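Architecture and fold: a report
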Amino acid sequence: MPKEAASSSASGGDGGEAKKLKPCCACPETKRARDDCIMKNGQENCEELIEAHKKCMRDLGFKI
């Protein structure tokens, strides 16, 4: 039964792309740029890249 539960939860809902795509794998370009900026400059100096990544995530249907 655990196999059924896992498959039904993975495909459940409205079947949108965001349900299939994990947040960790979404928007790799903006995520990489944001992370590099934070590591080099600190979070307070990267607000534009942080917001760009949040927008990308929202555009894919993630609620952040």
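Because the structure is predicted, anything quoted here is derived from the model rather than measured. (Residues numbered from 1 in each chain as written. Predicted model: local features only at pLDDT ≥ 70, side-chain atom pairs only at ≥ 80, totals over all residues. Heavy atoms only, no water.)

So, on to the side chain of histidine 53. Within the secondary structure layout, histidine 53 lies in helix α4 (residues 47-59). By relative accessible area, histidine 53 is classed as buried at 6%. Each residue touching histidine 53, except ones within four places of it in the same chain, is listed here: Ala26, Cys27, Thr30, Lys31 and Arg34. (Helix = DSSP H or I, 4+ residues; strand = E, 2+ residues; numbered from the N terminus. Buried < 20%, exposed > 50% of the residue type's maximum accessible area, 1.4 Å probe, protein only. Contact = heavy atoms within 4.5 Å.)

Relative to the helices and strands, leucine 21 is located in the loop between α2 (17-20) and α3 (28-41). For leucine 21, a relative accessible area of 25% translates into the label partly exposed. Linking leucine 21 and leucine 60, residues 39 residues apart in sequence, is a C-alpha distance of 8.8 Å.

The backbone of cysteine 27 sits at a positive phi, close to 55 degrees, despite the residue not being glycine. Structurally, cysteine 27 can be placed in the loop between α2 and α3. For cysteine 27, a relative accessible area of 4% gives the class buried.

So, about the state of the cysteines. Following the criterion strictly, the structure yields two disulfides and no others. Through a disulfide, cysteine 27 is tied to cysteine 56; the S-S separation comes to 1.9 Å. One quick way to see it: the torsion about the S-S bond of cysteine 27 and cysteine 56 is about -95 degrees, and its sign makes the bridge left-handed. Of this pair, cysteine 27 sits in the loop between α2 and α3 while cysteine 56 sits in helix α4, and the two are 29 residues apart along the sequence. Between the sulfur atoms of cysteine 37 and its disulfide partner cysteine 46 the distance amounts to 1.9 Å. The chirality of the disulfide connecting cysteine 37 with cysteine 46 is left-handed, given an S-S dihedral of about -85 degrees. Exposure class is identical for cysteine 37 and cysteine 46. Each is buried. In the protein, numbering the disulfide-bonded cysteines from first to last in sequence yields the connectivity 1-4, 2-3. The closest cysteine sulfur to the non-disulfide-bonded cysteine 24 is located on cysteine 25, 3.5 Å from its own sulfur. A relative accessible area of 46% means that cysteine 25 is categorised as partly exposed. (Disulfide = S-S within 2.5 Å.)

Without other data, these values stay purely geometric and don't point to any function.
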